[in-house]
Every structure is written in C-alpha cells, then in structure tokens.
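Each chain is listed here by its residues.
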Number of protein chains: 2
Amino acid sequence: MRPLLLAGSIAAIAFAASSASAEEGMWTFDNFPIARANQTLGTNIDQAFLDRVRLSSAKFGGCSAGIVSGEGLVLTNNHCVATCVANLSTQAVNYAETGFTPRSREEELKCPGGSAEILTEIVDVTERMHKAGEGLSGQAFTRARDAEAARIEAECGDAADARCQVVSLYRGGQFKLYRYKRYTDVRLAWAPEDRAATFGGDLDNFSFPRFAIDAAFIRLYENGAPAATPTHFRWNADQPTEGAPVFLSGSPGATQRLLTMQQLASIRDVVLPLDQLIASELRGRLIRYSQEGERQAFEAMDPIVGLENTYKRGRGRMAALIDANFMTMKAAAEVDFMQRYAQANPGQAADPWGQLEAVQPTLRELYPAMALLEGGTGLGTTPVAGGSQLFSYARTLVRGAQERAKPSAERLPEFADSRLAGVQSGLLAERPIYPALEQVRLEWWLSKTREWLTVDDPRVRALLGRESPEGLSASLVEGTRLADPAVRRALWEGGLEAIQASDDPMIRYLLSIQEPTRAIRAEWEEKVQAPTDRASEALATARFAAYGDTVYPDATGTLRLTYGQIEGTDVPGQRFGAFTTFAGLWDRATGAAPFDVAPKLLAAREQIDGDTVLNMAVSTDTIGGSSGSPVVTPAGDIVGANFDSTVLTQRNAYGYDRNVNRSVIVTTGAVTTALRDVYGMTGLLAELGVR
Amino acid sequence: MRPLLLAGSIAAIAFAASSASAEEGMWTFDNFPIARANQTLGTNIDQAFLDRVRLSSAKFGGCSAGIVSGEGLVLTNNHCVATCVANLSTQAVNYAETGFTPRSREEELKCPGGSAEILTEIVDVTERMHKAGEGLSGQAFTRARDAEAARIEAECGDAADARCQVVSLYRGGQFKLYRYKRYTDVRLAWAPEDRAATFGGDLDNFSFPRFAIDAAFIRLYENGAPAATPTHFRWNADQPTEGAPVFLSGSPGATQRLLTMQQLASIRDVVLPLDQLIASELRGRLIRYSQEGERQAFEAMDPIVGLENTYKRGRGRMAALIDANFMTMKAAAEVDFMQRYAQANPGQAADPWGQLEAVQPTLRELYPAMALLEGGTGLGTTPVAGGSQLFSYARTLVRGAQERAKPSAERLPEFADSRLAGVQSGLLAERPIYPALEQVRLEWWLSKTREWLTVDDPRVRALLGRESPEGLSASLVEGTRLADPAVRRALWEGGLEAIQASDDPMIRYLLSIQEPTRAIRAEWEEKVQAPTDRASEALATARFAAYGDTVYPDATGTLRLTYGQIEGTDVPGQRFGAFTTFAGLWDRATGAAPFDVAPKLLAAREQIDGDTVLNMAVSTDTIGGSSGSPVVTPAGDIVGANFDSTVLTQRNAYGYDRNVNRSVIVTTGAVTTALRDVYGMTGLLAELGVR
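Cut-offs used in this document
Residues numbered from 1 in each chain as written. Chains lettered and ligands numbered in written order. Predicted model: local features only at pLDDT ≥ 70, side-chain atom pairs only at ≥ 80, totals over all residues. Heavy atoms only, no water. Helix = DSSP H or I, 4+ residues; strand = E, 2+ residues; numbered from the N terminus. Rg over C-alpha atoms; globule rule 2.2 N^0.38 Å. Buried < 20%, exposed > 50% of the residue type's maximum accessible area, 1.4 Å probe, protein only. Least-squares fit on C-alpha atoms with pLDDT ≥ 70 in both. Contact = heavy atoms within 4.5 Å. Salt bridge = Lys/Arg side-chain N within 4 Å of Asp/Glu carboxyl O. Disulfide = S-S within 2.5 Å. Core = buried A, V, L, I, M, F, W, Y, C linked by side-chain atoms within 4.5 Å. Axes fitted to C-alpha atoms, helices over the stretch in contact; angles between N-to-C directions. Left-handed = near helix turned anticlockwise from the far one by under 90°. Nonpolar A, V, L, I, M, F, W, Y, C, P; charged D, E, K, R; others polar. Buried area = accessible area lost by both parts, 1.4 Å probe. Polar contact = N/O pair within 3.5 Å; in protein donor to acceptor, adjacent residues only side chain to side chain. Parallel < 35°, antiparallel > 145°, perpendicular 65-115°, else oblique. Pairing = 2+ DSSP bridges. Phe/Tyr/Trp six-rings, centres within 6.5 Å; stacked < 30°, edge-to-face > 60°. Lys NZ or Arg CZ within 6 Å of the ring centre and 35° of its normal.

Participant: Describe in detail the overall build of chain A, supporting the description with residues and values.
Facilitator: Assigned secondary structure in chain A consists of 24 helices and 20 strands. Relative to a compact globule of 691 residues, whose C-alpha radius of gyration would be 26 Å, chain A shows 25 Å and is just as compact. C-alpha atoms of chain A, sized along the principal axes, occupy 65 × 65 × 50 Å. Sorting the 691 residues of chain A into buried and exposed places 60% on the buried side.

And the structure:
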C-alpha cells in the first residue's frame, strides 16, 4: 500500500522539529541561544542586549510593538491600530480614509479599550504547577491547574500598573510567571491613510514583493501624561543592506510545532475545514453587505480585512498540511523522537503518542460544538457569535456575574481575581456599535451552528427555540441596550442580582444558553483538554531528555526573540529579492482598488526618493502576533517593523523551513519618508531624532 | 512511521471496489446481473422486464424520470422541475409559491429549453474507439478519440427526434453507442407548492427521516400533442412493505469508484477544497442578496437551493475521504487489485498506478485554472463564470461560430455536427434573465479567479485588464443584449462574421479571453486528460482480467439499473426506520421556515390519512442524477421516485457501503394523496388509473 498523504520523495532540506536548526526558533528571553545566534550571524550580542531589547518591546492587543522614544512613543503596524482607527472614526470623519495626523500631542486620541504591556520579570513556577495537577485527571486536573495559576497570579501582587500571567511553555513542560508593566491609556499618535498601509489589499497580503507603509505610532500614557520610557530603541532610517543580521522581538501568537502527526491530522481534517468553510460564507455575506451603501461599506471595512487575513492564513496552513514533502519531513522528525524515546524508556508502558492519538476521535467529534458554542479550543479561528460585540458584552456580564459569586479559585479561569481588571476595562470601553452589522454576524453564526450541529441537536434547539436565525438575531440586536457603556457598567456593578433582574433580551438570551455552552466546555475539558495536556507534558519531558535545551517552546502570545538576516528567496512558488522601493510602488499602481495609491501619498510622489527601500524580506521565524515586532540591529537600532510573511511561510505554524520562511518588514526609512514627505509629522520626526 | 490518513482499525465490513457485493452497482442495461439480482432479492425478473423498464425510463435534464401513462405523462422530482418552474414564474405569478396545477392539458406549459430522452439502442463501438487512439498521446490522442466519437455519432443518423452518443464506460475500457428517442417539447403537468417538496429545506436535505413531496409531473409532447408512450410503468399507490425488493432505473451522474487512491487524494486535497470554499462565499453573497428585497428573494431562491445542495453533497464526500475506516477499505481493495495485476503480468514494465500517480502533481497545479477558466474537468463542481447565463450564451455563440468554421472532426467535441442541435436549442430557448443576479455571479467569479490564480497571473490580467471584478461585471451585464433570444438567434445564424462584427460587450469580452481559456484547456488535455485516459484504459483492461464481468462501470450520466430493498439503517450517525408518514410531517412542523407546512397542504390536513407513507428509505445504489428515478417492483409497478440520499451515503461517489447506503424515495401513495386531497388534480388521477 502506498502511503496516501506522504507520497513523493523526501526533500533534501534538513529539518528536525525537535533539534532547532540555525535561525529556527521563537525563543524565550530567559533561554535565548546567545552563542549560537552570534555564531550563525557573526554578531556579538550579550545578556545586556537581551535586557534592553526586552524592555524596549511592548505587546499591544494581539500585536507587537517597539518603543522608540523616551516619552512613550511606540512603533507598530497600521493594521494593529485598524480597530482603534475604526473606533475613533465616523462615516463623516474617517481616519482610515484620511490618515490620522495629530498636529500636537494634545490631539493624540485614546484607543477605546486599548492597553499595552512590557515584560519586566520571569520566574519559574513549574514545580508548583506540576504539583497542583498530580494524581488528577479530566476536568479536575484542568480546574486544579487553572486555580493554582490564578493563585500564583494573585500572589504576584495587584499593583494597578502590573499584570501577572502564568505561562505554559512547551505545552506544559514548563510554567513561568511573567510580570508586566501595564499601560491602560494608549493613544493613537499617527496612522497613514489606510490604502498606503494596505496597498494591494487582500491580493497582496501574505506576499512579497510588497509596497505597504503598514506602520503607525501609538503612545503610552501614565496619569494622563506621556509615559517615561528611558529604555527604548534608537531610530535608524538608513537604507538597509542585504545579508545584514537582525533580531526581531515580539509576541508571536501560537504555533503548533510540538503537535504529533495525529494531532496535525485533526487540524487538517476537522479544524481548518470548519473554520475556512464557514468564514468563507461570512466573507460573502459581509462583501455583499458592504456593497449595499456607503454606511455599510464604512462599517464592514475593518471586519472584512480581518476576516480575509485569517482566511488567507488558513489557506497557507492547509497548503502546508497537504504538502507531501513538508509532512514527510515532519513525520521523519517524529520518528526520530519516537526512537530516542524508546531507547531512553525501555519497556515503559506509557506512550504519549498513543494517548494523544486516542484523544483524536473525541476531539474530532466535539470540535464543531466547542468551536461554535464556546470557543477557546486553542485550535481554530471561528469567532463565537460571529464576533458580535453585543453578544460578547452580554456573555462577559452574565458569566462575570455568575462566576464572581464564587471564590476566585473555583471560577472559570478567565474570571479569576487576577484577571478581572482586564475583563472590566475591555467591557466598559466606549466603542461604536453597528446594529445591522451585529445582526449579520449573529444570523450567520446561528445559521452555521444549526447547519454543523444539525437541526435536531438539543443544543441547537436551546439556541434557537422555534425561531429562525434571521428572526432571533434581529430581535436580539433591536432590543438590547448593551451598546451603551453606562448600561454595561450598571449591570457589571450590579452583579448577579442585576443580571437576573435584567429584561435586556441579550442578557436574557445569554442566561438561557448557559447550560448547553458550559456543558460542552466541561465535556471538552474533561475528554480533550485534560488528557491532551497530560500527554503533552510527558512529551515535553521526553523532548528535553532527548534534545536538551536546544528546544524552544511553541509560541503562546508571549514575548520571544528570533533572529535572521535580510534576504530574498528562490524556492519554487516564491522567488524575490530582499527589497522593494517607492519606485516599485508607482510601477505596480493601476489606479483601480486595491492597487490605487492613497491620495496624500500619491500627491507627495515628487518629494519622495524613489530609491528609498519601502519593504524588505528577512529570514526571521515569525507568525501572527509578531505583527509590529521591532526589527533590531545587533547595535540595538530599530530598522523596521514586521508586518507580514508570505503564504508559503504559513507552514511555520507547524514547522520551520529555512528556505521558505520569510517575514515582511516595513522599514524605518519608509516610515521616515511618510512622516516627512507625506504627512508632515514634524513633531514625531524631532522626537525620533531625525534631522 | 504511522500512516497519517489511514489510521484506525480496519472495519469488519466486507468491501471490494472491484468485485461487486450483493446490491452494489449501477449496472448498464446490457450487462445487468439478472441471476444475481434474482438470487439476492428472491425475484424472477428477465430480459423482457429489463427492456420494459428501460423503455419506461426517461432522462430529463440532469435528472431521471419514469413514464406513467400512455400519453407521455412522466413522474420526476419537484427539484428536477425547479428551474422550469422558476423560468415560468414571475414575482407576481410565482408557481413555486402556489404550486402549478393546470386544470387541463391545454394549461400545461412548455419548459424553456427542456428536453427528455429514452434509451432505445446500445451498440458496442469499443474497437473503433480504441483503434482511433492507437499510438497517439497527449492532445493528439484526446482529439483523435473525440473526432472518432463525433464520426460515429454522425453516422448513427440525424433523425430530428433521435440523439446518438458515444459513451465511455469503465473509464475507457469500453465504448458504447447509445441511441435515444428525443423529445424537445416537454411541458410541466403538475408541481406542488415548493415548500411541500422542500419541507425542512437545506437542513433536512440529504437526510432521513424525511417529509417531502418532492414529486412533479412533466409530459412529453410530439408535434404539439401529447406523445404516445405505449410502454410505461403501472401506477401503484399501495402502502409499501418493509423488506420488499425494488429496482431503480435512472441516469446517475458520475461516480469515481474506479479512481486510484492517488487520484482520490487529489480530489480530497485540491478539487473539493477549492469547490467548497468558493461555493461557500457565493452562498454568503446570494443569501445576503436574497435579503435585500422581495425581487431579490424571488430571483435567488432557485440558485441558492441548487448551490446548497451541491455544497452539502461536497461535505458528505469530504467526510468520506477523511474517514479512516472507509479509506482503509478502499486501500485494501486497491492492494488486492495490484497483487492480482502483478501475478497476471509478471515482469511487465507498464504500471498504470504509477502513471496515474505521475499525473497528479500536474493535475493539482492546473486544476484551479482549468476549473475556474474553462470547466469540464470531470472532477469538480465550480461553475465557470459563476453560472452566469449571459456569459454562457456568449461563450456558446463565440465558440460556436469559431468552431463551426472548421470541419466537424476538428472542432471542440461539444460543437461536432452531431451535437449542434442540442447546443442550439439550449441557446435559443426563452428564459428570464435577472441582471443583478447575473452581476453577483460574474463578480464573484472574477474575484475568486483572481484570488486563486493570483493577481500577477497573465491569465488574470487577460480576464480583468485594469478593471475590478465589480466594475467589469457591472459593465458587461449592463451593456449586453444577449438576454433577448432574437439577438442570440441572429448572432448564431450570422456565424463568425456576425460575431466578429458584434459590438455587444459580452461577445467582445468572450472573444478577448479565448486565447487563455483555450490554452489552459489544451494544456489540461495534453498533460492531464490524455495520460489519465490512457492509464485508466489499461487499468480497465486489467480489471476485467482480474475480476471478470462482475465489474460495473462508474456512473456517467447514462441509464443504469440498480436494485435493493425497502429498509432503514442502524449504523452510527444514521439510525432510522424505513418509512415516514404525513402524521410525522405534522409533528415536525414548527411553523418557522423551512419547517413550515405549505399552505395548501396544511389546509388539506383533515382530508389526508396521517398513516399514509410519505417517504421511504431503500438500499439501492444511487448518486446525483438518480433524482427522479422510478422505483419499480419486480412486477413493473412504479411505487415511488428517488429524490435524495443521506449525507453519509455521499461516500458512494467513491465506493459502495451496504450498511450505510440509503436512497430516499417519495412514494406514489404520497403523490396520489397530494393530487387527490390537496391539489385536486382529477385529470391526472384518472390518467394514472387511480379510482
């Protein structure tokens, strides 16, 4: 019998998922391979460099960012501030169209619900966490671990400007307590015209050559004034050099490199197909919605861009999972690990691979209900309730009230005391709500949930009763008053009593669906999450034993450092040089969206040196969440911000392929040009030290 | 290394793709296993039975149908006449809403472009066809075969009421000349309210228990009068009995059971994902479109139903291709065949499996362009130009003019002399055109083609120039006059000169994209179709040698006979009895669409015997195209019309699984009830001999 999936010859590229090859790895700052990086790149960095880079790096929402002045100025991507820009805009005053160009700091506007944080301390808490789960299984195991993490975080202190987070690394192999300095007043300091940042739109997204000024500035505020940030990167707008070594510091969201082949098969067969198929339908609904009028176009712009980005990323990942060569390499690495494990554990009964394989049928069966009704699988991208903000408010209010009535350690972990501040600030932030768009999202979600779980599923009956997705979504959105922050505040502060007394239809609806949604979560935790966590922990231990500390953990949305060099590629399906210039942008422009140059940028064409490098490719190991990551020279200068990678690079969710892997960077030179020649941001230029 | 796809234990169910198990097979009428069927079912049918059944069976569009009176009356499904009903309806007089209930034959209305045919003769032409391709390869092979088929069809005669078709069976193992009596005047004689036929909508589609009167009558006309059809089924409205043997005669569209595992992997990895992902987006666009107003809802209803049907079928197929047990059975059957082949051909160099495997990388690379730009891959379901009727007219006109300028044997095969009559009647039939809907289709297609082939593909540049999908689709639809049949007739009759002189934008557009669309077709034929055909032919020969004539051919849209019995199932995911009743319908109704009972049906509730069997499950081997197939007793009585199968049954595209496989049938009893108690169709009842 021929192996069906893994057909084709094994490619010659060296590849081991377990022992990192040069330039592979999203390393934690407390386990960075300084010597190997220096050897690979010919550099001479040290611990002091790492500390400086760490303290100059910020996490902003789901993005990364780099501090570039002593007064809280931070460089990130425009797409990282897109929701902030949308929230600050109206159809009449639309900063996405015009760019946001405050003439002074007083005009910088607060991003609703925005916060940023800087990693200040890392402490090992592995022993405590492992002990907490000892002898337990199923949901008891999950709950005991969650409670211990909440306790550790609570003990870490509750300074208003601090956040503490227990981070699981190596899929449970290690636990670290991360302490952050937290800024809850983050203001928008500059954003270009949206089209300047998104030239080529979805078509050029995840590709290179690229011509996008995907950059923006935010500013950290403390006590109503710009925060003092003495440790920061030095702005360097010089033309970059091919082959130059760079470091990239950011918070990559999630990789799945340590998953077994059987776990990856579940992603390929179940997770990605569900996510992609139903996202594609939502995309169709939103595209048509956006064509129904100017208001609808304005409302749907940001959601469509986000959706298309996730969808295209999914296509790249699926391409990796059906790539015979790539998967053969992954399989070979697994065999190597299995053999080492067998040699190190002769006659041992435990088989972590077998345990994980045994979980897969249940995972495959439960995934649709868990993803659609509850979310938080850690696997997929389908937004519960289609991403409806009103639904999300109601869920936070209802569950928050129910959970806060219990002791912290017994709550759903997202409502532990240590996490309530974050929950509350997200809930109470002032944001615009577009009811018609909310209705589209909810209707789609109800309709897809009914389709995938089938109409006769009791959970679907609980969700819909005798109503249709169209009717129910319309009446919920029409009747709720949760768009008003004051209403949300009253319900949040009123606790369980206020919630139970509320006649708000969205609150009543969320109350009515708690039983089935909590039940699927409990079942998932019991039958999928807990056994997966236990087996993964065993695999992590085995991995350390087999490969030592040359192993880096999967990305988990926490700060990492990766390194590489500025260079193009020449692999099939992806051939390009390292740089693009403004001259290339003028060439690619057709005038028709999304290949139209933004008006202000176009007007400045004569002022701009066409040879200025606009974007560049680097070989650093990144993934979603790395957006906005500062690109740093060995001297600690910032020379760009990561904003993308290529479609082929999406395989790096599952494994690193040196030849293929490329990140896409907007240069500080391009940002300087935009600030100076297009948007007249003289104040910022002075602050950056640009002459 | 663990095999990734084929994990899991081999199920105990016996399964061999090559030697048919009892009740397996969509058999041709000239190779039906009479003895085995009689033995399996305990019946006593003979050649005379087969001939009667064949001559009482009709093909109608992509559906099947059964003749039930001597005056051309034919039973099929309501969903088979849905397009006819839509074409005959306006928003004001909407037969989908009201049902179509002519009080006399004079009120029966002609289905635009409708035709039906009865298979009258089968002749073996294998030798001629094989000889035509001897020593050739690539496109020369494909073209020589196509030309020979056109010659054979032309020699078969050109009586106005005949159609001749060379049919490839066993993927080129045999070629047969099928001669049909053809009816080009087909009128609608009865259709129920749409909701009576589609109760449960997409949610209940491909499922059982089921409660749908998915039946309709058409009538064959000849020379303006009802056709004489002395050979026909006897109407039998008795309550059916569980376990009773039945035969089902129809024209199943396409199965892929003889494909190798490598070919199936391409369908799983490339064909189905493309089809499903982009169909899902079109679905979203159409759903939102249908919500924009009553006109849009009316226009989009039929397209949405069709799209959702194809999409759900695709989901069932994908589920089969990732089902470890099912694919293990398929793989085991292939290994058995390979071993027999190796024993029978010791030392033979030729390896048809290897040849087919070698084609797959090219197939995977070319499929998106071929499917999107040209269609006709024989693999997928993506409609070229999104199914735009105006585009299709223009393509037929432009290519028809270009091809008719050549000798018949040198043309694209669809324009050979023997096929022109069908092309012309389709082109010139009067149909309503909904411009806004056409624009949605074209815009989606242009947008998806650009996305999948990428914006820098020269073919995409040829397709779009510097225009956007939105702008181009709008201007094409706005400017063209091809909605007018008289305009189409003038261009068809004017030939190449008229086409080249036309200033119709859709005609000019189709002229402008002939080069890239013909080029991808030529490349596909050369590199994919021809080598696949040659290797498949070799496999077919080997298969006959290994398994004798117990082998049946894949379905090809031509008449087949299958057999089984009335029964439910009890496999995981599919547990149900054999019957549903009208009482069950009343129970399932909630009043909210799609679970609302059609108004006239509901009004007749008191007249209807609730115990009357409405739908039933049978174990016959069917697939899309079998819709409308008469279900026949061993005595030649018609007792129902096939209209569906279950989602799990969709695996029968790739292999037969006796335990899972179930077809869904609307009974003649239910149809009789509807005619008598709901719609007052006394004339039809008399014609059917119902007292």
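Participant: Any details on the relation of the copies chain B and chain A? Residues and values, ideally.
Facilitator: The two copies are related by a screw motion: chain B maps onto chain A through a turn of 180 degrees and a shift of 0.0 Å along the axis, at an RMSD of 0.0 Å. The relationship between the two copies is best expressed as a two-fold rotation axis. Interface overlap between copies is the fraction of interface residues in one copy that are interface residues in the other; for chain B against chain A it reaches 100%, indicating a shared surface.

Participant: Explain the pattern of salt bridges residue by residue, including any values.
Facilitator: One pass over the structure, following the stated rule, counts 119 salt bridges over all chains. Taking the shortest distance from any N to any O, the salt bridge between Arg128(A) and Glu155(A) comes out at 2.8 Å. Taken together, the positions of Arg128(A) in helix α5 (residues 126-133) and Glu155(A) in helix α6 (residues 138-155) put the pair 27 residues apart, joining distant regions of the chain. In this structure Glu155(A) comes out as exposed when scored by relative accessible area, which is 53%. Of the charged contacts in the structure, one is a salt bridge between Glu281(A) and Arg283(B), with a shortest N-O distance of 3.5 Å. Of the two residues, Glu281(A) is situated in helix α9 (residues 261-290) and Arg283(B) in helix α9 (residues 261-290); the pairing between them involves two chains. For Arg283(B), a relative accessible area of 5% gives the class buried. What you see here is one network of salt bridges that share partners, running through Asp202(A), Arg283(A), Glu308(A), Arg315(A), Glu281(B), Arg285(B), Glu443(B), Lys448(B) and Glu451(B).

Participant: Describe the state of the cysteines, with residues and values.
Facilitator: Tallied over the full model, the rule gives 6 disulfides over all chains. The disulfide that involves Cys156(A) links it to Cys164(A), with 1.8 Å between the sulfurs. Between Cys156(A) and Cys164(A), the disulfide has an S-S torsion of -50 degrees and is therefore left-handed. Residues Cys156(A) and Cys164(A) agree in their burial class; the two are buried. Cys63(B) shares a disulfide with Cys80(B); S-S distance 2.1 Å.

Participant: How would you sum up the nonpolar core? Please name residues and give values.
Facilitator: Counting 164 residues, the largest nonpolar core has Trp445(A) and Trp445(B) as its most contacted members. Not counting residues within four places of it along the chain, the set of residues in contact with Trp445(A) comprises Leu372(A), Pro383(A), Val384(A), Ala385(A), Gly386(A), Phe391(A) and Leu463(A).

Participant: Lay out the packing of helix α15 (residues 435-453) of chain B against helix α17 (residues 469-479) of chain B in plain terms, naming residues and giving numbers.
Facilitator: All names here are of chain B. Relative to each other, α15 and α17 sit at 145 degrees, their axes nearing to 8 Å. Of the two elements, α15 crosses α17, and the hand of that crossing is right-handed. Between α15 and α17, the residues in contact are Pro 435, Glu 438, Gln 439, Leu 442, Glu 443, Leu 446, Ser 447 and Arg 450 and Pro 469, Glu 470, Leu 472, Ser 473, Ala 474 and Val 477, respectively. Residue classes in the contact of α15 with α17 are distributed as 7 nonpolar, 3 polar and 4 charged.

Participant: Give a description of the interface of chain B and chain A that names residues and reports values.
Facilitator: On the chain A side, the residues contacting the 57 residues of chain B number 57 residues. Contact between chain B and chain A buries roughly 4900 Å² in total, counting both sides, with carbon and sulfur atoms accounting for 55%. Put simply, chain B and chain A have 10 salt bridges between them. Notably, a salt bridge pairs Glu451(B) with Arg283(A), separated by 3.1 Å at the nearest N-O pair. The tally of links between chain B and chain A comes to 13 residue pairs in polar contact (both at pLDDT 80 or more). Looking at the side of chain B that touches chain A, the element that brings in the most residues is α9(B), giving 15 residues. Among the residues forming the side of chain B that touches chain A, the class breakdown is 27 nonpolar, 8 polar and 22 charged.

Participant: Tell me about the packing of helix α14 (residues 417-428) of chain B against helix α18 (residues 485-501) of chain B, residues and numbers included.
Facilitator: All names here are of chain B. For the pair α14 and α18, interaxial distance at closest approach is 9 Å and the crossing angle is 150 degrees. In terms of axis orientation, α14 runs roughly antiparallel to α18. On the side of α14, the interface is formed by Leu 420, Val 423, Gln 424, Leu 427 and Leu 428, while α18 contributes Pro 485, Arg 488, Arg 489 and Trp 492. In terms of residue class, the contact of α14 with α18 is made up of 6 nonpolar, 1 polar and 2 charged.

Participant: For the pairing of strand β20 (residues 663-667) of chain A, give the residues involved together with the corresponding values.
Facilitator: All names here are of chain A. Counted residue by residue, β20 has 5 buried out of 5 residues, so it is predominantly covered. The side-chain alternation of β20 yields two buried faces, one formed by Ser 663, Ile 665 and Thr 667 and the other by Val 664 and Val 666. The sheet contact formed by strand β17 (residues 613-618) and β20 spans 4 bridges and is antiparallel. Within the sheet, the bridge partner assigned to Val 618 lies in β20 and is Ser 663. When strand β19 (residues 637-645) meets β20, the two strands line up antiparallel, connected through 5 bridges. By the bridge assignment for β20, Ala 641 is matched with Val 666.

Participant: Describe unusual backbone geometry, with residues and values.
Facilitator: Following Phe208(A), the chain continues to Pro209(A) via a peptide bond in cis, the omega torsion being 5 degrees. Following the sequence through the fold, Pro209(A) ends up in the loop between α8 (201-204) and β9 (216-222). That bond from Ala593(B) to Pro594(B) is cis: its omega, 0 degrees, falls within 30 degrees of zero. One can find Pro594(B) in the loop between α21 (582-588) and α22 (599-603). Within the chain, Ala385(A) stands out as a residue other than glycine whose phi angle is a positive 60 degrees. Of note, the phi angle at Thr454(A) is positive, near 80 degrees, even though the residue is not glycine. Its place among the elements puts Thr454(A) in the loop between α15 (435-453) and α16 (458-464). The class for Thr454(A) is partly exposed, based on a relative accessible area of 43%.

Participant: Which residues make up the pairing of strand β17 (residues 613-618) of chain B, and what values do they have?
Facilitator: All names here are of chain B. Within β17, 6 of the 6 residues are buried, which leaves it mostly tucked inside the rest of the structure. Pairing between strand β16 (residues 579-581) and β17: 2 bridges, direction antiparallel. Across the sheet, residue Thr 581 finds its bridge partner in β17, namely Val 613.

Participant: Explain the environment of Ile623(B) residue by residue, including any values.
Facilitator: Residues and elements named next belong to chain B. By the element assignment, Ile 623 lies in the loop between β17 and β18 (630-632). A relative accessible area of 6% means that Ile 623 is categorised as buried. Remark: the alpha-carbon pair of Ile 623 and Met 26, spanning 597 residues in sequence, is separated by 9.3 Å. The residues contacting Ile 623, other than those within four sequence positions of it, are Met 26, Pro 252, Gly 253, Ala 254, Thr 255, Arg 317, Asn 652 and Ala 653.

Participant: Describe in detail the packing of aromatic side chains, supporting the description with residues and values.
Facilitator: Note on aromatic pairs: each is described by the distance of the centres and the angle between the planes. The final tally for this structure, using the stated rule, is 40 aromatic pairs over all chains. Relative to Trp353(A), the ring of Phe337(A) lies with its centre 5.1 Å away and its plane at 75 degrees, an arrangement referred to as edge-to-face. Of this pair, Phe337(A) sits in helix α11 (residues 324-344) while Trp353(A) sits in helix α12 (residues 352-373); the two residues are 16 residues apart in sequence, bridging distant segments of the chain. The same class applies to Phe337(A) as to Trp353(A), namely buried. Between Phe247(B) and Tyr563(B), the ring centres sit 6.4 Å apart and the planes meet at 35 degrees, which makes this aromatic pair tilted. Here Phe247(B), found in strand β12 (residues 245-250), pairs with Tyr563(B), found in strand β13 (residues 560-565); they are 316 residues apart in sequence, far enough to count as distant. In this pair, the class of Phe247(B) matches that of Tyr563(B), namely buried. Cluster of aromatic residues (ring-pair linked, three or more members): Phe32(A), Phe49(A), Phe247(A) and Tyr563(A). Across from the ring centre of Phe326(A), 5.0 Å away, lies the NZ or CZ of Arg651(A), which sits over that ring. In this structure, Arg315(B) is placed above the aromatic ring of Trp452(A), and the distance from its NZ or CZ to the ring centre is 3.6 Å.

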